[in-house]
Amino acid sequence: MFGPLASIAALLDDPAKADARLFARMAADTPEWPDWTVAVRPVLAPLVEKNAIARPVVARVLDMPFNALALPHQTIVVAKSMVEFCRGRTAQLAFVLAHELAHIHLGHAGDRTRLNALAGLLGMTNVVVGMVTRFLLDRAYSREQEFEADETAVKFCRAAGYPAAAGAAFMERLASLDRSTGVGNLLDTHPPLAERVSFLRSLAATG
């Protein structure tokens, strides 16, 4: 089963089964790098433990386009290229993981899945309505949720012993990347990097 009905079915499962189903669909096209997944675990562990995250969150590394994302319940998926981009900069990788952990903790990941499923169902009735609905929902929620996740990620990093300034440093490096490297699609669905850098700097300077 694929499409919006699959997304809704996944949300009706228990968290582990729901994420496993979604991850299996992703891994079918973009294989996992098990050694890299193992290497990322120690970076994620203090974020989960020191922030008293009750759910058993895991991170998996796939050979997918440059990105990081959160599945609805307890799985963070990171591109191998993203991990490579953070090589030697553990705190910056921690911020990436903390940002996605925040999406899960705040319920954003589940909300996004339900909204996409709704847009898909509407699209089955009227393609234009479905496309417009998906576009408006993505844009309406993306900006607010990304800034909220950034703020929570800084708090998570602080509690786990990672420097609060790592987020701004990561975003500054991200801004310097050529869009042809594959980062273009990631940037198109997020608030402007300059705004996020300024916001993250202000968070790092306070508290």
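Now for a look at the structure at hand. Being a predicted model, the structure only gives us computed values, none of them experimental. In this convention, every chain numbers its residues from 1, walking through the sequence in written order. In view of the model being predicted, local features appear only for residues whose pLDDT reaches at least 70, and side-chain atom pairs are presented and counted only at 80 or more, with totals across whole chains, interfaces and linings using the full set of residues. Values reported for side chains reflect all heavy atoms of the structure, with hydrogen atoms and water molecules removed beforehand.

### Brief notes about helix α8 (residues 166-175)
Then, number 1: Exposure categories follow from relative accessible area, calculated using a 1.4 Å probe and restricted to protein chains: below 20% of the type maximum is buried, above 50% is exposed, and the middle band is partly exposed. Secondary structure follows DSSP: runs of H or I at least 4 residues long count as helices, runs of E at least 2 residues long count as strands, and numbering of each begins at the N terminus. Of all 10 residues in α8, seven are buried; the element is thus mostly enclosed.
Then, number 2: Of the residues making up α8, those classed as buried are Ala166, Gly167, Ala168, Phe170, Met171, Arg173 and Leu174.

### What to know about the packing of α8 against helix α10 (residues 193-205)
How two helices sit against one another is set out by the angle between their axes and by the gap between those axes.
Then, number 1: In this analysis an axis means a line fitted to C-alpha atoms, helices contributing only their contacting stretch, and an angle means the value between N-to-C directions, from 0 to 180 degrees. For the pair α8 and α10, interaxial distance at closest approach is 8 Å and the crossing angle is 160 degrees. Classified by the angle between their axes, α8 and α10 sit roughly antiparallel to one another. As for the relative orientation of α8 and α10, their crossing is left-handed in sense. In this structure, α8 uses Gly167, Ala168, Met171, Glu172, Leu174 and Ala175 to contact α10, whose residues at the interface are Leu193, Arg196, Val197, Leu200 and Arg201.
Then, number 2: Gly is put with the polar residues, along with every residue not named as nonpolar or charged; the nonpolar set is Ala, Val, Leu, Ile, Met, Phe, Trp, Tyr, Cys and Pro, and the charged set is Asp, Glu, Lys and Arg. Classifying every residue of the contact of α8 with α10 by side-chain character gives seven nonpolar, one polar and three charged. Reported orientations rely on four angle classes, namely roughly parallel under 35 degrees, roughly antiparallel over 145, roughly perpendicular from 65 to 115, and oblique for the rest. Here a crossing is taken to be left-handed if its near helix is turned anticlockwise relative to the far helix by less than a right angle, and right-handed if that turn runs clockwise. Contacts were defined at the residue level, with two residues in contact if any of their heavy atoms lie within 4.5 Å.

### Considering the packing of aromatic side chains
Two measures describe an aromatic ring pair: the distance that separates the ring centres and the angle between the ring planes.
Then, number 1: Each Phe, Tyr or Trp ring (for Trp, its six-membered ring) is paired with any other whose centre lies within 6.5 Å, and the angle between the two planes then decides the class: stacked below 30 degrees, edge-to-face above 60, tilted in between. Applying the stated rule across the entire model yields five aromatic pairs.
Then, number 2: Consider the rings of phenylalanine 66 and phenylalanine 85, whose centres lie 5.7 Å apart with planes at 80 degrees: the pair is edge-to-face. In this pair, phenylalanine 66 sits in the loop between β1 (58-62) and β2 (68-70) while phenylalanine 85 sits in helix α4 (residues 80-85), placing the two residues 19 residues apart along the sequence. Per residue, the accessibility class of phenylalanine 66 equals that of phenylalanine 85, and both read buried.
Then, number 3: Between phenylalanine 85 and phenylalanine 170, the ring centres sit 5.8 Å apart and the planes meet at 75 degrees, which makes this aromatic pair edge-to-face.

### Topic: the pattern of salt bridges
Then, number 1: Basic side-chain nitrogens of Lys or Arg form a salt bridge, by our definition, when they fall within 4 Å of a carboxyl oxygen of Asp or Glu. Applying the stated rule across the entire model yields five salt bridges.
Then, number 2: The partner of arginine 196 in a salt bridge is glutamate 146, and the shortest N-O contact between them spans 3.8 Å. Taken together, the residues arginine 196 in helix α10 and glutamate 146 in helix α7 (residues 127-160) connect sequence positions 50 residues apart. For the residue pair arginine 196 and glutamate 146, the accessibility class agrees, reading buried in each case.
Then, number 3: We note a salt bridge from arginine 201 to glutamate 172, for which the minimum N-O separation is 2.2 Å. Of this pair, arginine 201 sits in helix α10 while glutamate 172 sits in helix α8, placing them 29 residues apart in sequence.
Then, number 4: You can call glutamate 172 partly exposed: its relative accessible area is 33%.

### As for the sheet that holds strand β3 (residues 75-79)
Then, number 1: Note on pairing: DSSP must find at least two bridges between two strands before they are called paired. Strand order in the open sheet formed by three strands is β1-β3-β2, and the pairing between neighbours is mixed. The open sheet terminates on both sides in strands that have one partner only, identified here as β1 and β2. Going from strand to strand, the sheet's axes swing by 20 degrees on average, the running direction of each strand aside.
Then, number 2: Along the sheet, helix α3 (residues 34-50) contacts β1 and β3; its crossing angle with β1, the most-contacted strand, is approximately 145 degrees.

### Comments concerning the layout of surface pockets
Then, number 1: Points on a 1 Å grid, built from protein atoms alone, make a cavity when a 1.4 Å probe fits but cannot get out and make a pocket when they are open with protein on both sides within 12 Å along at least 5 of 7 lines; residues with an atom within 4 Å of a point are the lining residues. Grid points are joined across faces, edges and corners, and a volume is the space filled by probe spheres set on the points. Estimated volume of the second largest pocket: approximately 190 Å³.
Then, number 2: Looking at the lining of the second largest pocket, the elements with two or more residues in it are α3 and α5 (90-105).
Then, number 3: By residue number, the principal contributor to the lining of the second largest pocket is α3, which donates four residues.
Then, number 4: Broken down by class, the residue content of the lining of the second largest pocket amounts to seven nonpolar, two polar and two charged.

### Here we look at the pairing of β3
Then, number 1: In terms of burial, β3 is largely enclosed, as five of its five residues are buried.
Then, number 2: Here β3 shows two buried faces, one formed by Thr75, Val77 and Ala79 and the other by Ile76 and Val78.
Then, number 3: Sheet topology note: the β1/β3 ladder contains five bridges and is parallel. If you follow valine 61 over to β3, its bridge partner there is valine 78.
Then, number 4: Two elements, β2 and β3, share three bridges in a ladder whose sense is antiparallel. In the sheet register, alanine 68 faces β3, and the bridge partner there is valine 78.

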